[in-house]
Amino acid sequence: MSKYVGAIDQGTTSTRFIVFDKQAHIVSLAQKEHEQIYPRPGWVEHNPLEILNNSNEVIGAALARANLSASDLAAVGITNQRETTVLWDRHSGRPLCNALVWMDTRTDQLVQRFARDGGQGRFREKTGLPLATYFSGLKLLWILENVEGARRLAEKGDALFGNINTWMAWNLTGGPDGGIHVTDVSNASRTMLMDLQTCTWDKEMLEQFKIPEACLPKIVPSSSPYAEITTAPLRGTQLAGMLGDQQAALVGQTCFAPGEAKNTYGTGSFLLMNTGTEPVQSKAGLLTTLAYQFGDEKPHYALEGAIAITGALVQWLRDNLHFFDVAGQIEPLARSVENNGDVYLVPAFSGLYAPYWKDDARGVIAGLTRFANKAHIARAALESTAYQVRDVVEAMEIDSGIPLSSLRTDGGMVVNELLMQFQSDMLKVPVLRPKMIETTALGSAYAAGLAVGYWRNIEDLRANWGIDKTWEPKMPDADRDHYYQSWKKAVTRSFAWVD
Ligand SMILES: Nc1ncnc2c1ncn2[C@@H]1O[C@H](COP(=O)(O)OP(=O)(O)O)[C@@H](O)[C@H]1O
Ligand SMILES: O=P(O)(O)OC[C@H](O)CO
């Protein structure tokens, strides 16, 4: 048996390759950011070929760094930014256009069209998702309607649809020369085209959205020996795991029991609670989603509070307003003032996701006075993450009937101690940061490792989890209430901006 397992973590901002050992320690890691393309307000694109090149680069770099070769890996898993949509020519392997990123809002007209035709309730019951610009089905429809030749090729099966996991798997396993065209249940559940109960493409949804089945991948479990990788530098390794990144973090945090939950703080933030082997419909604005399916076991479901913009707001302060040069500098800047100076920043850049689902909301800064300065805005930006997480925690408590007793966290923002303390204060529960915060990559490594017997069962995985640091709530109730009520007021100011 080889010594390690590898994970390709293709996120919104960057691509990582991480090699893990059996105790879930990182043996090697390489990472590279890719370009964010903003052709118009509300549009966000990635170049799928750049992502592919970066992925090959980081795989090569991580292996070289630890002096490893493909034969040292028992298996490889993929985890990915979800919903982001690619359509490519199956003969040339070239994408027909840039990938439409999950936070892109260009499908707002399509959303309105289908909302007018009714169906919202029925779509939600089948797919677990509200009609919104977020999901892949309408992004694919937009490409079919707007990119020349796309529909003709897709109907003949000459153009293939995939989220980033599918795009990567196809390329890793041969591309035009026999690459597998598959997606796992967790990713498929974000297209709005899959029936949650049967885990198959839903004929009625395909018909409604006019999506030709010929371009769709086969839906497979999240953990299974899919195929051998045929391209260097991983040639000969089994591709055996595939999970949307937020579901992967749930697995990486070993939230296998109903009621167990985690929150990942990255570009956006995503709180997922395992609800067991039956889907639970949300009444409070959450998504019902596939969590994972290991081999031929029953799939597990989750309730999800998806927040579009959290870490992306830090990037926006860095790149668009030039407040600082690197993301980590937001913490000393925000700490340089005593509090937010009554400033609230609602980052509704892509509308508001859970629990509001307002496509027509846009960002606002509320409460500005002559007193407010750059540091107050930075502090308000960090705080907006914690308020948004409280919004989805409250919804989760309504839907699950389970009060949150503590929050397991991970993702790029959890190094920010000011944020972690404020989060604990806003939720009035302890916030836990595990020793391993690369839980997204770890989750897909777990899926791949389980498929080939590298780990025997989920008990092996649970044994690897441990806490690095805990933050306890210490803010007086009156202050907590003041902050959160002001936030709720600011949120209403962002509504109904787009006509
Ligand atoms: N010290 C920090 N404080 C606040 N935000 C941070 C900090 N360091 C990184 N970030 C944010 O974390 C995000 C990156 O997290 P990551 O989990 O790698 O994201 P993704 O998986 O979405 O690509 C970026 O949006 C960045 O702005
Ligand atoms: O790449 P991340 O970590 O920002 O995650 C993006 C989500 O998968 C979008 O649904």
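Cut-offs applied
Residues numbered from 1 in each chain as written. Chains lettered and ligands numbered in written order. Predicted model: local features only at pLDDT ≥ 70, side-chain atom pairs only at ≥ 80, totals over all residues. Heavy atoms only, no water. Near = heavy atom within 4 Å. Polar contact = N/O pair within 3.5 Å; in protein donor to acceptor, adjacent residues only side chain to side chain. Areas by Shrake-Rupley, 256 points an atom, 1.4 Å probe, with all protein chains shown as cover. Helix = DSSP H or I, 4+ residues; strand = E, 2+ residues; numbered from the N terminus. Nonpolar A, V, L, I, M, F, W, Y, C, P; charged D, E, K, R; others polar. pLDDT = per-residue confidence, 0-100. UniProt positions renumbered as here; feature names shortened; annotations may be inferred. Buried < 20%, exposed > 50% of the residue type's maximum accessible area, 1.4 Å probe, protein only. Contact = heavy atoms within 4.5 Å.

Draft legend 1. Inspection of the site of ligand 1 at higher detail. The local shell around ligand 1 holds 18 residues, among which T13, R16, T267, G311 and G412 are the closest. In the model, an oxygen atom of ligand 1 is placed 2.9 Å from a nitrogen or oxygen of the G311 main chain. One of the backbone nitrogen or oxygen atoms of G412 is found 2.9 Å away from an oxygen atom of ligand 1. Out of a free accessible area of 580 Å², ligand 1 has 85% covered by protein chains. Elements represented by at least two residues in the shell around ligand 1 include exactly β2 (14-20) and α10 (311-319). Split by residue class, the shell around ligand 1 holds six nonpolar, eleven polar and one charged.

Draft legend 2. Quick peek at the confidence of the model for the protein chain. Mean pLDDT over the protein chain: 95, with 100% of residues reaching 70 or higher. Here the predicted complex scores 0.93 on pTM and 0.97 on ipTM.

Draft legend 3. Structural context of the site of ligand 2. If you check the shell around ligand 2, you find G11, T12, Q81, R82, E83, W102, Y134, D245, Q246, T267 and F270 and nothing else. At a separation of 2.7 Å, an oxygen atom of ligand 2 approaches a polar side-chain atom of T12. Q246 has a polar side-chain atom sitting 3.2 Å from an oxygen atom of ligand 2. Residues belonging to the shell around ligand 2 are distributed by class as follows: three nonpolar, five polar and three charged.

Draft legend 4. Here's a closer look at the UniProt feature "binding site: ADP" (unreviewed entry) in the protein chain. Sites flagged by UniProt as "binding site: ADP" (unreviewed entry) map to T12, R16, T267, G311, G412 and N416. Tracing the sequence through the fold places G311 in helix α10. Classification of G311 by relative accessible area gives buried; the value is 10%. Setting aside chain neighbours within four positions, we find G311 in contact with G266, T267 and M413. By the element assignment, N416 lies in the loop between β21 (407-410) and α13 (417-427). The contact partners of N416, leaving out residues within four places of it in the chain, are I330, E331 and L382.

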